[in-house]
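Chain residues, written in single-letter form:
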Amino acid sequence: MDWNAYRTHLGANTKVFAQLSPNTLQGLQTLETVPAANKHLDAKTRELIALAVAVTTRCDGCISVHTVAAKNAGATKEEIAEALGVAVALNAGAALVYSTRVLDAFENQPS
């Protein structure tokens with residue numbers, strides 16, 4: 001994938017969406033400013049978290065935007081890989097937890 005072209009395309013489509021539903025975009029922008037305003041985490045840490053979440057939610061747009069932001073905030077490839085390792089571990093853990101739910105559902109089905 002050409003991530004730069006994708007990010008440009010996403011930005012253009014976001015502008016169209018903002019014109020069609022300005023309150024939605026305004027609400028998102030409000031949510032995005034809250035973590036930075038708290039100032040408990042630095043920008044690099046926030047972007048590493050954003051990348052891990054982007055992987056768990058499978059959002060290419062988030063990956064595209066937050067990879068650039070993480071790099072600009074000083075994140076190294078090694079730090080990004082470590083954050084993504086946490087995402088992989090949590091996805092595996094979540095799969096285990098939900099696997100037990102399948103077993104529960106199976107046990108609760110009529111014979």
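The structure we're discussing is the one just above.
Owing to the predicted nature of the structure, the values given are computational and were not obtained by experimental measurement.

The next point concerns the nonpolar core. Leu48, Leu51, Ala70, Ala75, Ile80 and Ala83 form the largest nonpolar core, which has 6 residues in total. Elements supplying a minimum of two residues to this core: helix H3 (43–57) and helix H5 (77–107). Excluding residues within four positions of it along the chain, Ala70 makes contact with Glu47, Leu51, Ala75 and Ile80.

What follows covers the packing of aromatic side chains. Counted by the stated rule, this structure contains 1 aromatic pair. Ring geometry for Trp3 and Tyr6: centres 6.2 Å apart, planes at 90°, overall edge-to-face. Here Tyr6 and Trp3 lie together in helix H1 (residues 3–20), a separation of 3 residues that amounts to about one turn. Assessed through its relative accessible area of 24%, Tyr6 is described here as partly exposed.

Next up on the list: the environment of Ala37. Tracing the sequence through the fold places Ala37 in helix H2 (residues 22–38). In this structure Ala37 comes out as exposed when scored by relative accessible area, which is 55%. Each C-alpha atom of the pair Ala37 and Asn108 lies 47 Å from the other, and the pair is 71 residues apart in sequence.

Attention now moves to unusual backbone geometry. Located in the positive-phi region is Lys39, a residue other than glycine, with phi close to 60°. With respect to the helices and strands, the residue Lys39 is situated in the loop between H2 and H3. Despite not being glycine, Arg58 has its phi angle at roughly 55°, a positive value. One can find Arg58 in the loop between H3 and helix H4 (60–72).

As for its position among the elements, Ser64 is in helix H4. The exposure class of Ser64 is buried, given its relative accessible area of 2%. With residues near it in sequence (within four places) discarded, Ser64 still touches Trp3, Tyr6 and Arg7.

Rules used in this analysis
Residues numbered from 1 in each chain as written. Predicted model: local features only at pLDDT ≥ 70, side-chain atom pairs only at ≥ 80, totals over all residues. Heavy atoms only, no water. Core = buried A, V, L, I, M, F, W, Y, C linked by side-chain atoms within 4.5 Å. Buried < 20%, exposed > 50% of the residue type's maximum accessible area, 1.4 Å probe, protein only. Helix = DSSP H or I, 4+ residues; strand = E, 2+ residues; numbered from the N terminus. Contact = heavy atoms within 4.5 Å. Phe/Tyr/Trp six-rings, centres within 6.5 Å; stacked < 30°, edge-to-face > 60°.

So far we have only geometry, and geometry alone does not tell us how the molecule works.
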